[in-house]
Amino acid sequence: MPEVRDELRKRLRGTTVVSHTSFDRVAFERAMLGYHLEQLKITWMDSARVARRWWAQYAKRGYGLKNIASDLGIEFNHHDALEDARATAVIMLRVLEESELGIQEWLEKSASPISGPRQTIAYKNLSGKVDGDLYGETLVFTGALAMARHEATQKANDAGCNVVGSVSTKVSILVVGTQNKHKLKGMTKNSKHRKAEELIASGHEVQIISENDFLDLIGMQDSRV
């Protein structure tokens, strides 16, 4: 990162950078912090938030990059960085073309609540606040957290997450706290962590993140640096 920062600044300063969900933005910003580098002067846009507001079928769930690309007929090699970036760009361009709105208009629109004729899906019987940026995500906590578990659960629900107690194919985020080695029975990771890794290996989209990453996701969704 220290070696490429000047080139990134030259190319990106003052621009809008699009990522699909906020995970890439958080990872990028944490990498800059890790090297004690000043954050770039850019504006972040989340194409998943845009897609959720433009296409009604994604307002509730199913707005992962692979799913939307498949629906739109976009062929790409998922989890290859360049391919993911290209697919994200195509999705964003498709929205701009269909909506006839510009980047600045979508920056404002994506920050607004999900509402209007394109978002008519019924949300009752679902956990998580509808207008939360992570609405539609199913989250599991595991390990000891710095904050009280009930507080973490409330924060996740406020961000829109459906919080459950076990890892299954419906889970999209696993937040890993400190694991008690005395309870691991010789393993390096607990059963929830291992199950999530097995799901990832079989093709499911599960994000495994730390408590600090989780706090970044729910507390810095709309930050612009």
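Conventions used here
Residues numbered from 1 in each chain as written. Predicted model: local features only at pLDDT ≥ 70, side-chain atom pairs only at ≥ 80, totals over all residues. Heavy atoms only, no water. Helix = DSSP H or I, 4+ residues; strand = E, 2+ residues; numbered from the N terminus. Buried < 20%, exposed > 50% of the residue type's maximum accessible area, 1.4 Å probe, protein only. Contact = heavy atoms within 4.5 Å. Polar contact = N/O pair within 3.5 Å; in protein donor to acceptor, adjacent residues only side chain to side chain. Pairing = 2+ DSSP bridges. Axes fitted to C-alpha atoms, helices over the stretch in contact; angles between N-to-C directions.

We now examine the environment of R149. Looking at where R149 falls in the secondary structure, it is placed in helix α7 (residues 149-158). Classification of R149 by relative accessible area gives partly exposed; the value is 36%. For R149, the contacting residues outside a window of four places in its chain are F141, T142 and G143. Separated by 2.6 Å, the side chain of R149 and the backbone oxygen of G143 make a polar contact.

Our focus in this paragraph is the sheet that holds strand β6 (residues 207-210). An order of β4-β3-β5-β6 is seen for the 4 strands of this open sheet, with the pairing classed as parallel. With partners counted over all chains shown, the strands left at the sheet margins are β4 (162-164) and β6, one partner each. Strand-to-strand twist across the sheet, computed as the mean angle between neighbouring axes with direction ignored, equals 30 degrees. Alignment of strand β3 (residues 138-142) against strand β5 (residues 173-176), held across 4 bridges, turns out to be parallel. Of the residues in β5, the one forming a bridge with V140 is L174. Sheet strands in contact with α7 are β3 and β4, and its direction is about 165 degrees off that of β3. The sheet strands contacting helix α9 (residues 211-219) are β3, β5 and β6, and the helix crosses β6 at an angle near 100 degrees.

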